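What the coordinates show
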Amino acid sequence: MGKKIVLLNGSPRRNGNTAALAKAFTEGAESAGHTVTAFFLDSMSIHGCKGCFGGHSGRACPCVQRDDMDQIYPAVREADVIVLATPLYYWNMSGQLRTAVDRLFALEEGDGNLLRGHGRASALLMAAEGHGFEDVVLYYDHLMQHLGWENLGHVLAGGNGEAGDIQGKPELQQAYALGKSIG
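What comes next is a walk through the structure. Fair warning: this is a prediction, and the values are worked out from it, not measured in the lab.

Here we look at the sheet that holds strand S2 (residues 35-40)
A sheet is described by the order of its strands in space; here five strands give the open sequence S2-S1-S3-S4-S5, paired in parallel fashion. What marks the edges here is a single partner per strand, and that holds for S2 and strand S5 (150-157). Here the average twist between neighbouring strands, direction ignored, is 15°. In this structure, strand S1 (residues 4-9) lies alongside S2, joined through six bridges in parallel fashion. Bridge assignment links Asn9 to a residue of S2, and that residue is Phe40. Sheet strands touched by helix H1 (residues 17-31): S1, S2, strand S3 (81-87), strand S4 (121-127) and S5. Its angle to S1, the strand with the most contacts, is close to 175°.

With respect to the side chain of Thr18
Along the polypeptide, Thr18 turns up in helix H1. Residue Thr18 is classed as buried on the basis of its relative accessible area of 3%.

Description of a nonpolar patch on the surface
A cluster of nonpolar side chains, namely Tyr89, Tyr90 and Trp91, defines an oily patch on the protein surface of about 430 Å² accessible area. Note on placement: Trp91 falls in the loop between S3 and helix H3 (95-103).

A short note on the nonpolar core
Leu8, Leu41, Ile72 and Leu84 are the most contacted members of the largest nonpolar core, which totals 35 residues. Top element by residues in this core is helix H4 (residues 134-147). It accounts for six residues. If you look at the next biggest cluster of nonpolar residues, it comprises 23 residues, including Ile5, Val36, Ala85 and Ala123.

Comments concerning the pattern of salt bridges
Taken as a whole, this structure holds six salt bridges when the rule is applied. Two residues, Asp67 and Arg103, come together in a salt bridge whose shortest N-O distance is 2.7 Å. Here Asp67 is found in the loop between S2 and helix H2 (69-78), whereas its partner Arg103 is found in helix H3, with 36 residues between them in sequence. The class of Arg103 is buried, set by a relative accessible area of 1%.

Rules used throughout
- Residues numbered from 1 in each chain as written.
- Predicted model: local features only at pLDDT ≥ 70, side-chain atom pairs only at ≥ 80, totals over all residues.
- Heavy atoms only, no water.
- Pairing = 2+ DSSP bridges.
- Helix = DSSP H or I, 4+ residues; strand = E, 2+ residues; numbered from the N terminus.
- Axes fitted to C-alpha atoms, helices over the stretch in contact; angles between N-to-C directions.
- Contact = heavy atoms within 4.5 Å.
- Buried < 20%, exposed > 50% of the residue type's maximum accessible area, 1.4 Å probe, protein only.
- Patch = residues over 30% accessible without salt bridge, like charges linked within 9 Å, V, L, I, M, F, W, Y side chains within 5 Å.
- Areas by Shrake-Rupley, 256 points an atom, 1.4 Å probe, with all protein chains shown as cover.
- Salt bridge = Lys/Arg side-chain N within 4 Å of Asp/Glu carboxyl O.
- Core = buried A, V, L, I, M, F, W, Y, C linked by side-chain atoms within 4.5 Å.

Dropping the structure here:
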């Protein structure tokens, strides 16, 4: 039986290098019989976490804020795998992705923790002009440890400044293979 995969794309470019990685991953996962629900975060209205600790995981919309995270929460609740796709910005994930990840905290509050554990897994897809992925991979590894999710690995595609630079590079095949390998 196929897995339910949620892909959070934190790139501001719909046709950029991160999108190419996400597309390759999706094609691999779908060829293996999985379902991928992708969210292009830059076109969504997602506000920063207020740090209010007012969330209640048992609610359909667990956060006190009403915005487009309300579309993401139900998908994440049902997901077996959450894929984080982002360009590298100042040695970290894009603000679009970090904001959405921060807001997932509402699923840890209140009535029960619906985010941590639950047999979930995750993968990280990143494109960048440079190659300084060490800090963001450390953050990602710590996040996986905190959440108790299986770390399926990452595809880190450096040397891709302009949209389309990634075409023909091995990282696209690596992203496809990562998607296909999900069991």
